[in-house]
Amino acid sequence: MSVAPALLVNKGKVTVTDFSLTYDTADGPVEAVASASIVVNPGEFVSIIGPSGCGKSTLLNAVAGFLKPITGRVEVDGEEVEGPSADRGMVFQQYSLFPWKTVRENVEFGLKMKGMDRTTREQSARTLLGLAGLLAFEKQYPESLSGGMKQRVGIIRALATGPKVLLLDEPFGSLDAQTRVIMQQILTNMWQRHKTSVLFVTHDIDEAIFLSDRVYCMTARPGAIKAEIAIPLARPRQPSMMMSSEFLALRRGFMGLIREESLKAIGGELNDVALQGLGIDLRGQSLADVI
Amino acid sequence: MKHAALRQTESATQVAASATPANTSGHMAQAPPRRRGLAGRATRWPSLRRGELRSVVIGAISLGLVLLAWHLLTTYRVSAHVRFVNVPSPGMVFESLLRAVRDPKFFNHVLLSCRRIFIGFAIAAVVAVPLGLLMGRFRLVRDIIFPVSEVLRPIPAIAWVPMSIMLWPSNEESIVFITYLGSFFPILLNTLHGMTQVDPVLVRAAQCLGARERAIFAEVYFPATLPHIFTGLTVGMGVAWVSLIAAEMISGQYGIGYFTWEAYSLVQYSDIVLGMVCIGVLGLGSSALIRSVGRAIMPWSRS
């Protein structure tokens, strides 16, 4: 079976060096990210995790080409990122399918932009939809799909052009817990088939551990890289691994890192004792998760 | 196992899709949605039908009551501050209609009005839609056009009648111009509004898929704005009729508005009502036409 451009092995090395970015707001400039450096090796699955507002999405948007750093460099395969392009496919937290296009037309969009003729791109789209178990829905409009299906189509649409890197910005954030686990599995399967580098942003610790080869942990604003953790879990990964002692040990480690930053993010004066006084029990979750 | 679990959650909201577990395998790709549609319709059809039938019946009764009230008020020549003494009864209007249907002059009036609407409205749509799109996309165009449009917009089309007669060499052109003016602003403003409502995530998604400025305009901004454009066209069509009738009454020699006014001058009261009803039906019909065109070219918004 031939999947036209999507199965090509891409290079896809992402290098972000000393990245800083400041937003201008009504209350003056806000430093979102302060000299962050990350690397995604070709074919690697890397996550960025951190408390809300830590600038992890900012970093991802810079790799996508939507934001320019104040200082620092963003490169893909040694070439500086100048703006958005089909080299870097992106999946957004909000559903971003074109409502006026059918599922198949959505998947075809990137290929159409590449100037591919109608028959070829229709074939590619159908092949991809078949692999994702969505061929039955090719002629439907996105409105009639469930949230999980929409994001599946979104992922396929981003993969259809054979991007060097796939960027995902909390893509499963608005899905229910059940669907989320399934979507993580599907994403893992697709990634292993397509061998694309992935940069994944999330605030969900389990998700980051389950999916990634490596995880960057960011500090509260201004976001910087606090830690870089390799995930030594074997692949293929199964949801049952989430109960393994290895996984739980990793989880505990992340909890500590994230909790500290979440507390910083909502105000320095809060600590566990103060929270107990308020009747909030963290139960090992980060404050951001509890609130 | 995994597949089964996947199906359950994935199709939880897709009610009937879960009826065919072979769905994800892809072989019988086409079958499930069709079955789903049929199954859905089989259960929903009768209740939908019943609901529609109810609405139609109630609507018919309501219209019948209005006709009855009109009939009673006119046959008994009620005069309680509001005077129905000279108002024609439904029967008289119906007789008028029968006479008019056999009269080619009446058809001429109707046809001429329709032609004026068509030309004025078409020019307005052809100018206002692209202008609105450009204003929404380019700040400069908006900054140039918007102040002018805001100053001219509150002037009712009827107030343009004297100016229009001065501007245009023929009566026909000045009436078409009034019609054009009436529909222009609703179309322009709705198109512009639609452009400001375009979800920026969709634009970014298109950029990430390799779309350039032109493609983004054609593939994202335009289709995203279409529903608003059609709202503008529907409202614009309504205002076009208002403007046309006013213009015809003031400066026309033909047209359904002129027919209505002439009937008053010639003391043919039943023709006044005939003209009014005719205008109502034409306005209703043209709006329905626009809505059905809208539904045909925007299949995604049909829910």
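Just above, that's the structure.
Residues numbered from 1 in each chain as written. Chains lettered and ligands numbered in written order. Predicted model: local features only at pLDDT ≥ 70, side-chain atom pairs only at ≥ 80, totals over all residues. Heavy atoms only, no water.

Colleague: Quick rundown of the overall build of chain A? Include the residues and the values.
Modeller: Counting its regular elements, chain A contains 9 helices and 10 strands. Here chain A holds 291 residues, and the buried ones make up 55% of them. The long-range share in chain A, meaning contacts at least 24 apart out of those at least 6 apart in sequence, stands at 69%. With the model as given, the accessible surface of chain A reaches about 11900 Å², and the carbon-plus-sulfur share is 51%. (Helix = DSSP H or I, 4+ residues; strand = E, 2+ residues; numbered from the N terminus. Buried < 20%, exposed > 50% of the residue type's maximum accessible area, 1.4 Å probe, protein only. Contact = heavy atoms within 4.5 Å. Areas by Shrake-Rupley, 256 points an atom, 1.4 Å probe, with all protein chains shown as cover.)

Colleague: For the pairing of strand 2 (residues 28-40) of chain A, give the residues involved together with the corresponding values.
Modeller: Residue and element names in this part refer to chain A. Here strand 1 (residues 14-25) pairs with strand 2 via 9 bridges, running antiparallel. Looking across to strand 2, one finds that Phe-19 is bridged to Ala-36. In sequence, strand 1 turns back onto strand 2 through a hairpin of 2 residues. (Pairing = 2+ DSSP bridges.)

Colleague: I'd like a description of helix 9 (residues 213-251) of chain B, backed by residues and values.
Modeller: An ideal rise of 1.5 Å per residue puts 57 Å on 39 residues; helix 9 of chain B reaches only 47 Å between its terminal C-alpha atoms. Of all the bends in helix 9 of chain B, the largest measures some 45° and sits at Leu-226 of chain B, one to four residues before the proline Pro-227 of chain B. (Expected span 1.5 Å × (residues − 1). Bend = angle between axes of the 7 residues up to and from the residue.)

Colleague: I'd like a rundown of the environment of Asp-204 of chain A, residues and numbers included.
Modeller: Residues and elements named next belong to chain A. Among the structural elements, Asp-204 can be located in the loop between strand 8 (197-202) and helix 6 (205-211). Each C-alpha atom of the pair Asp-204 and Pro-51 lies 9.5 Å from the other, and the pair is 153 residues apart in sequence. Excluding residues within four positions of it along the chain, Asp-204 makes contact with Ile-49 and Arg-180. At 3.0 Å, the side chain of Asp-204 forms a polar contact with the backbone nitrogen of Asp-206. (Polar contact = N/O pair within 3.5 Å; in protein donor to acceptor, adjacent residues only side chain to side chain.)

Colleague: I'd like a rundown of the packing of helix 3 (residues 90-101) of chain B against helix 11 (residues 269-297) of chain B, residues and numbers included.
Modeller: All names here are of chain B. Direction vectors running N to C along helix 3 and helix 11 enclose 75°, while the axes themselves pass 8 Å from each other. With respect to helix 11, the element helix 3 is oriented roughly perpendicular. Along the contact surface, helix 3 presents Met-92, Val-93, Ser-96, Leu-97 and Ala-100, while helix 11 presents Ser-270, Asp-271, Val-273 and Leu-274. For the contact of helix 3 with helix 11, the class distribution of residues is 6 nonpolar, 2 polar and 1 charged. (Axes fitted to C-alpha atoms, helices over the stretch in contact; angles between N-to-C directions. Parallel < 35°, antiparallel > 145°, perpendicular 65-115°, else oblique. Nonpolar A, V, L, I, M, F, W, Y, C, P; charged D, E, K, R; others polar.)

Colleague: Outline the packing of helix 4 (residues 104-137) of chain B against helix 9 of chain B, listing residues and values.
Modeller: If you want to describe how two helices pack, look at the angle between their axes and the distance between the axes. Residue and element names in this part refer to chain B. Contact pair helix 4 / helix 9: the axes reach a minimum separation of 8 Å and the direction vectors enclose 145°. Considering only the axes of helix 4 and helix 9, their crossing is right-handed. Across the contact of helix 4 with helix 9, the residue classes tally to 15 nonpolar, 3 polar and 4 charged. (Left-handed = near helix turned anticlockwise from the far one by under 90°.)

Colleague: Before we move on, could you go through the pattern of salt bridges and cite the residues and values that matter?
Modeller: Within the structure shown, the criterion is met by 23 salt bridges over all chains. The salt bridge partner of Arg-153 of chain B is Glu-150 of chain B, with a shortest N-O separation of 3.1 Å. Residue Glu-150 of chain B is classed as partly exposed on the basis of its relative accessible area of 29%. Counted as one network, the salt bridges with shared partners bring together Arg-104, Glu-108, Arg-121, Glu-122, Arg-126 and Glu-138 of chain A. (Salt bridge = Lys/Arg side-chain N within 4 Å of Asp/Glu carboxyl O.)

Colleague: Outline unusual backbone geometry, listing residues and values.
Modeller: Residues and elements named next belong to chain A. The omega angle of the peptide bond from Arg-235 to Pro-236 is 0°, so this bond is cis rather than trans. A positive phi angle, near 55°, is found at Lys-195, a position not held by glycine. Mapped onto the elements, Lys-195 comes out in the loop between helix 5 (177-194) and strand 8. Residue Lys-195 is classed as partly exposed on the basis of its relative accessible area of 48%.

Colleague: Now, about a nonpolar patch on the surface: what can you tell me, with residues and values included?
Modeller: Residues and elements named next belong to chain B. Taken together, the side chains of Leu-53, Val-57, Ile-61, Leu-65, Leu-68, Leu-72 and Tyr-76 define a hydrophobic patch exposed on the protein surface, amounting to about 720 Å² of accessible area. Here Val-57 is to be found in helix 2 (residues 31-75). For Val-57, a relative accessible area of 43% corresponds to the partly exposed category. (Patch = residues over 30% accessible without salt bridge, like charges linked within 9 Å, V, L, I, M, F, W, Y side chains within 5 Å.)

Colleague: Kindly report on the pairing of strand 10 (residues 225-230) of chain A, identifying the contributing residues and their values.
Modeller: Where a strand is regular, its side chains alternate between the two sheet faces. All names here are of chain A. Where strand 9 (residues 214-218) lies against strand 10, 5 bridges are found, and the strand directions are antiparallel. Bridge assignment links Tyr-216 to a residue of strand 10, and that residue is Glu-228. Counted between consecutive antiparallel strands, the loop separating strand 9 from strand 10 contains 6 residues.

Colleague: Lay out the side chain of Arg-104 of chain A in plain terms, naming residues and giving numbers.
Modeller: Residue and element names in this part refer to chain A. Tracing the sequence through the fold places Arg-104 in helix 2 (residues 103-113). Here Arg-104 falls in the buried class, since its relative accessible area comes to 16%. In this structure, Arg-104 is in contact with Glu-122, Ala-125, Arg-126, Leu-129 and Glu-138, ignoring residues within four places of it in sequence.

Colleague: I'd like a rundown of the nonpolar core, residues and numbers included.
Modeller: Looking at soluble globular proteins, one finds that nonpolar side chains tend to be buried together. In terms of nonpolar packing, the biggest core is built from 60 residues, with Phe-98 of chain A together with Phe-106, Ile-187, Val-220, Leu-233, Trp-241 and Ile-256 of chain B touching the most fellow members. Put simply, the parts of the chain that give this core at least two residues each are helix 3, helix 4, helix 7 (171-196), helix 8 (200-208), helix 9, helix 10 (256-265) and helix 11 of chain B. Broken down by element, the residue count for this core peaks at 15 residues, all from helix 9 of chain B. Ignoring anything within four residues of it in the chain, the contact list for Ile-187 of chain B reads Phe-121, Ala-124, Ala-125, Ala-128, Val-129, Gly-232, Leu-233 and Gly-236 of chain B. (Core = buried A, V, L, I, M, F, W, Y, C linked by side-chain atoms within 4.5 Å.)

Colleague: Hey, could you go over the packing of aromatic side chains for me, with residue numbers and the actual values?
Modeller: In this structure the tally under the stated criterion is 15 aromatic pairs over all chains. With centroids separated by 5.5 Å and ring planes inclined at 40°, the aromatic side chains of Tyr-180 of chain B and Phe-184 of chain B adopt a geometry described as tilted. Residue Tyr-180 of chain B and its partner Phe-184 of chain B are located together in helix 7, separated by 4 residues, close to a single helical turn. Ring centres of Phe-184 of chain B and Phe-185 of chain B lie 5.2 Å apart, and the angle between their planes is 90°; on these two criteria the pair is classed as edge-to-face. Accessibility expressed as a relative area gives 10% for Phe-184 of chain B, which makes it buried. Ring pairs connect the aromatic residues Trp-160, Trp-168, Phe-177, Tyr-180, Phe-184 and Phe-185 of chain B, which therefore count as one cluster. For the cation-ring pair, Arg-157 of chain A lies above Phe-98 of chain A, with the distance from its terminal atom to the ring centre recorded as 4.8 Å. Here the guanidinium or amino end of Arg-204 of chain B rests over the ring plane of Phe-66 of chain A, the centre of that ring lying 4.9 Å away. (Phe/Tyr/Trp six-rings, centres within 6.5 Å; stacked < 30°, edge-to-face > 60°. Lys NZ or Arg CZ within 6 Å of the ring centre and 35° of its normal.)

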